[in-house]
Amino acid sequence: MDGLQRIPILKVGRVLIVPIQVDMDDQTVMHLQERILSELERTGARGVLIDISLLEMVDSFIGRVLSDIAAMARIMDARTVVVGMQPAVAITLVELGLELRGVDTVLNVDEGIKLLRCEFDFNEEDEGEFSWGELSAFAEQINRS
Amino acid sequence: MEGITSTRLGEVYVRREADIVKVRERVRQLAREMGFDSTTQIKITTAVSELTRNIYEYAKSGAIMLAVAERGANSIGLHITARDDGPGIDEARLRAIIRGSYRSPSGMGVGLTGTRRLMDEFDIASQPDEGTRVTIIKWLPPAEAAAARERLSGLRELVTTDEDDSAYEELSRQNRDLVAVLGELEEKREQLEQLNRKLEESNHELNEANAKLRELSEMKEEFLALTTHDLRSPLTVISGVINFFTSGRLGDLTVEQKNMVTMMERNTQNLIELVNDLLDASKLESGTMRLEFSSTELRVLVSELHEGMEHMAQEKGITLEEKIPEDLPPLRADRAKLRRVVVNLLSNALKFTPNGGRVEVSAEPSGDMVRISVKDTGVGIQPDDLARLFDKFEQARSRATRGEKGTGLGLYITRQLVELHGGEIEVQSEVGRGSTFSFTIPVADKAMSD
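A. Structural view of empty space enclosed by the protein. Counted according to the given criterion, the structure contains 2 cavities of 30 Å³ or more. Taken as a whole, the largest cavity holds about 40 Å³ of empty space. Lining the largest cavity, in full, are Ile20, Met24, Val29, Leu32, Ile62, Val65, Leu66 and Ile69 of chain A. Elements that contribute at least two residues to the lining of the largest cavity include exactly helix H1 (26-43) and helix H2 (60-75) of chain A. If you tally residues by element for the lining of the largest cavity, the top one is H2 of chain A, at 4 residues. In the lining of the largest cavity, the residues fall into 8 nonpolar, no polar and no charged. When its volume is computed, the second largest cavity comes out at roughly 30 Å³. Contributions of two or more residues to the lining of the second largest cavity are made by helix H8 (298-316) and strand E7 (319-323) of chain B. With 4 residues, H8 of chain B is the single largest residue contributor to the lining of the second largest cavity. Classifying every residue of the lining of the second largest cavity by side-chain character gives 6 nonpolar, 1 polar and 1 charged.

This is the structure in structure tokens:
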């Protein structure tokens, strides 16, 4: 049978970065939702950044799960940003009539990090070992891949 | 959808959740090969994803059929049909979906209506319980049509039903066969069980009938024993009274009276014998017959009988002979019962031997036993009757014995008594020539004769 596709969840500072790079089956999507929530609980992260730049299709199911993740994360005091949506996907979503309710979308990872930074007004000193610069560098790496 | 002709490319089955991804991949690839731009590719893929998900969610299995649609000379497009045998959609909802006003309670409420918006042609046919069939078409821009037409032949290879599906199909078929065989087996098992239950029932009934029969048999024996007892007492009294008459203590009888009293005496004696036989038979039957063994001299016993028997023999002119050796060892026997055996055999022999015949009693040692034989020159016994001769109430029914008196119990009792002594009885007979009954009785051991 089909094994679960593993989507990595990376913790950088107080942000979870979730790069989705393959077309996911429903089980993987549901499993991802669970893992994001348990990672939030485990790490106390304040932001979730879901990169869908490589996702070529968002149908009503994936759309709903993205909305759900955002809503659940908010209850756990974390903000969710979906980044890198392809224009064609955006067009399709609109024609489909799907609103990603409660999900903030930004153009790329950089913008996403900026948004999260503003949101929490993170202070470099408070972050300890973490630096936003590091996160930005990491984000660039992802974008290149 | 009128004026549209379709060339079927192939089908992708939807049975597992993973098939949703597979369908998306195939459709995406096909859309790309046909020359749709990337935005349209995504639209088509998304729409098919919605349809496939509906199949999986509502019907569990179905198929996505892919085809190339053509309308007129300039229109060419991707034609996709999603069909399932699921629960279907009722008319009111179907109308709402077609109008675009339907909002599904599950999902985002956009599945079918959104699909309709994403595609150029949309058609849905569904009946409750008869499954659903959704047809969608996306046309290529006219500029692309000519190029697409050239690529058509290569498209078919993209959608050929793959190995995976045929293997799965084969497995499903085998599975269905297995299930059918299992069903048959189950049916057979049930039939067997039913048969078993019936057998058990009839078994139970038989047991009950058996128990009832045994009960009846016991009741009969009891009844026989009781009535026989009650019969014997008045008979004893009658017999006693008759003795008064014959003894002359009541004065002399006239010849006529004497004849009548003799008749009474004879018949009473027959009745007493009959009652005694019945009593003995019922004792033997219930196993309450007890023997009192003692050392018994056969010569003495037979000579005691001789007087009574000789009288009967003389009446019919029968020669009665005894051939018992003087050195015959004493027997281990119940004297009264052994006497009964000998009397039974002798009186039978006399009864069935015609006038002027011959009856002989003889004895000879035979190992630890003594064999005693009673031989006559009587009518003999039919071979068919020999086997049943010693059964209860079984008086041989040969013509010659018809009319002779007897209860049919005599030989039955005789055999039982011989067997109680530990001996055996047998008979040899030839019709018209006579019969020989012989039985064995054990020799008394030393301690007994001392």
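B. Seen up close, the interface of chain B and chain A. Contacts between the two partners involve 23 residues from chain B and, on the opposite side, 25 residues from chain A. Roughly 2,200 Å² is buried in total at the junction of chain B and chain A, and carbon and sulfur atoms are behind 56% of that figure. Here chain B is connected to chain A by 6 salt bridges. In this structure, the salt-bridge partner of glutamate 95 of chain A is lysine 43 of chain B, at a minimum N-O distance of 2.6 Å. If you look at where chain B meets chain A, you find 12 residue pairs in polar contact (both at pLDDT 80 or more). When contributions to the side of chain B that touches chain A are tallied by element, the ones reaching two or more residues are helix H1 (18-34), helix H2 (38-59) and helix H4 (111-118) of chain B. Tallying contributions element by element places H2 of chain B first for the side of chain B that touches chain A, with 9 residues. Across the side of chain B that touches chain A, the residue classes break down as 7 nonpolar, 8 polar and 8 charged.

C. Expanded view of a negative patch on the surface. Residue and element names in this part refer to chain B. Among the surface-exposed residues, Glu200, Glu201, Glu205 and Glu208 lie close enough to one another that they form a single negatively charged patch. Position of glutamate 208 among the secondary structure elements: in helix H6 (residues 163-247). For glutamate 208, a relative accessible area of 48% corresponds to the partly exposed category.

D. Layout of the sheet that holds strand E1 (residues 5-14) of chain B. All names here are of chain B. Ordered in space as E1-E2-E3-E5-E4, the 5 strands form an open sheet in which the pairing is antiparallel. Unpaired on one side and paired on the other, E1 and strand E4 (121-126) mark the two borders of the sheet. When the angles between neighbouring strand axes are averaged without regard to direction, this sheet yields 15°. Each of E4 and strand E5 (132-139) touches H4; the most contacted strand, E4, lies at about 145° to it.

E. Layout of the pairing of strand E4 (residues 79-83) of chain A. Residue and element names in this part refer to chain A. E4 sits mainly inside the fold: 5 of its 5 residues count as buried. In E4, alternate side chains face the same way, and those of Arg79, Val81 and Val83 on one face and Thr80 and Val82 on the other are all buried. Relative to E4, strand E3 (residues 47-51) runs parallel, the two sharing 5 bridges. When the bridges of E4 are listed, leucine 49 appears paired with valine 81. For the crossover that starts at E3, traverses H2 and ends in the parallel E4, the hand is right-handed.

F. Expanded view of the confidence of the model for chain B. All names here are of chain B. When pLDDT is averaged across chain B, the result is 83; 89% of the residues are at 70 or more. Note on residues 396-403: pLDDT is under 50 here. Beyond four places in sequence and across chains, it has 11 contacts. Interface confidence in the predicted complex, given as ipTM, is 0.76; pTM for the same model is 0.48.

G. Spotlight on the nonpolar core. In this structure, Val18, Ile20 and Ile50 of chain A together with Ile44, Leu78, Ile80 and Ile136 of chain B are the most contacted members of the largest nonpolar core, which totals 70 residues. In terms of residue count, H2 of chain A provides more of this core than any other element does, 7 residues in total. If sequence neighbours within four positions are ignored, leucine 78 of chain B has contacts with Val27, Leu30, Ala31, Met34, Phe36, Ile44, Ala67, Ile136, Ile137 and Lys138 of chain B. Grouped together as the second largest cluster of nonpolar side chains are 44 residues, Leu298, Val302, Ile324 and Val342 of chain B included.

H. View of the packing of aromatic side chains. All names here are of chain B. Tallying each qualifying case throughout the model produces 1 aromatic pair over all chains. Judged by centre distance (6.3 Å) and plane angle (90°), the rings of phenylalanine 390 and phenylalanine 437 are edge-to-face. Remark: phenylalanine 437 occurs in strand E12 (residues 434-442) and phenylalanine 390 occurs in the loop between helix H10 (383-386) and helix H11 (410-420); sequence separation between them is 47 residues. Each member of the pair, phenylalanine 390 together with phenylalanine 437, is buried. When the ring centre of tyrosine 56 is taken as reference, the NZ or CZ atom of lysine 60 above it lies at 5.0 Å. Stacked on the ring of phenylalanine 293, the Lys or Arg arginine 332 has its end atom at 4.0 Å from the ring centre.

I. Looking closely at the packing of H1 of chain A against H2 of chain A. Residues and elements named next belong to chain A. Relative orientation of the contacting elements H1 and H2 amounts to 10°, with a least axis distance of 10 Å. Between H1 and H2, the crossing angle belongs to the class labelled roughly parallel. Contact residues: H1 offers Asp26, Val29, Met30, Gln33, Ile36, Leu37 and Leu40, while H2 offers Phe61, Ile62, Val65, Asp68, Ile69, Met72 and Ala73. Among the residues making up the contact of H1 with H2, the classes are represented as 11 nonpolar, 1 polar and 2 charged.

J. Region of the structure containing H4 of chain B. With 6 of its 8 residues buried, H4 of chain B lies for the most part within the structure. Listed in full, the buried residues belonging to H4 of chain B are Gly111, Leu112, Thr113, Gly114, Thr115 and Leu118 of chain B.

K. Representation of a nonpolar patch on the surface. Residue and element names in this part refer to chain B. Taken together, the side chains of Val237, Val241, Phe244, Phe245 and Leu250 make up a nonpolar region of the molecular surface, amounting to roughly 440 Å² of accessible area. On the secondary structure map, phenylalanine 244 appears in helix H6. Given a relative accessible area of 39%, phenylalanine 244 falls into the partly exposed group.

Conventions used here
Think of each chain on its own: its residues are numbered from 1, step by step along the sequence as written. Chains and ligands are labelled by the order in which they are written, letters from A for the one and numbers from 1 for the other. Restriction of local features to residues with pLDDT of at least 70 applies here, the model being predicted, together with a cutoff of 80 or more for giving and counting side-chain atom pairs; totals for whole chains, interfaces and linings are based on all residues. Where side-chain values are given, they derive from all heavy atoms of the structure, hydrogens and water being excluded. The rule is simple: put a 1 Å grid over the protein atoms alone, call a set of points where a 1.4 Å probe fits but cannot get out a cavity, call an open set with protein on both sides within 12 Å along at least five of seven lines a pocket, and count a residue as lining if it has an atom within 4 Å of a point. Grid points are joined across faces, edges and corners, and a volume is the space filled by probe spheres set on the points. A helix here means a DSSP run of H or I that spans at least four residues, while a strand means a run of E at least two residues long, and both kinds are numbered starting from the N terminus. Residues are grouped as follows: Ala, Val, Leu, Ile, Met, Phe, Trp, Tyr, Cys and Pro are nonpolar; Asp, Glu, Lys and Arg are charged; all remaining types, including Gly, are polar. Contact between two residues is taken to exist if any of their heavy atoms lie within 4.5 Å; hydrogens are not considered. Simply put, the buried area is the total loss of 1.4 Å probe accessible area from both parts when two parts are fitted together. We define a salt bridge as a contact between a side-chain nitrogen of Lys or Arg and a carboxyl oxygen of Asp or Glu at a distance within 4 Å. Residues adjacent in sequence count toward polar contacts only when both atoms are side-chain atoms; beyond that, a polar contact is any pair of N or O atoms within 3.5 Å, and within protein one must be able to donate a hydrogen and the other to accept it. The residues that make up patches have over 30% relative accessible area and no salt bridge, and they are joined within 9 Å when like-charged or within 5 Å when they are Val, Leu, Ile, Met, Phe, Trp or Tyr. What sets the accessible areas is the Shrake-Rupley method with a 1.4 Å probe; for residues, cover comes only from the shown protein chains. Note that His is not counted, nor are the chain ends; the positive residues are Lys and Arg, and the negative ones are Asp and Glu. Where a charge lies is defined by one atom per residue type, namely NZ (Lys), CZ (Arg), CG (Asp) and CD (Glu). Think of it in three bands: with a 1.4 Å probe and only protein chains considered, a residue is buried below 20% of the maximum accessible area for its type, exposed above 50%, and partly exposed in between. Only strands joined by at least two bridges in the DSSP assignment are considered to pair. An axis is simply a line fitted to the C-alpha atoms; with a helix, the fit covers only the stretch in contact. Between two such axes, the angle follows the N-to-C directions and lies from 0 to 180 degrees. Look down the strands so they point away from you; if going from the first strand over the helix to the second traces a clockwise path, that crossover is right-handed. As a per-residue quantity, pLDDT reports the predictor's confidence and falls between 0 and 100. Take the buried residues of types Ala, Val, Leu, Ile, Met, Phe, Trp, Tyr and Cys, join any two whose side-chain atoms come within 4.5 Å, and each joined set is a nonpolar core. Only rings of Phe, Tyr and Trp enter the pairing, Trp through its six-membered ring, and a pair is recorded when the two centres are within 6.5 Å. The plane angle decides the type: under 30 degrees is stacked, over 60 is edge-to-face, the rest tilted. Only when the NZ atom of a Lys or the CZ atom of an Arg is both within 6 Å of the ring centre and within 35 degrees of the ring normal do we say a charge sits over the ring. With respect to orientation, any angle under 35 degrees is reported as roughly parallel, any angle over 145 as roughly antiparallel, any angle of 65 to 115 as roughly perpendicular, and every other angle as oblique.

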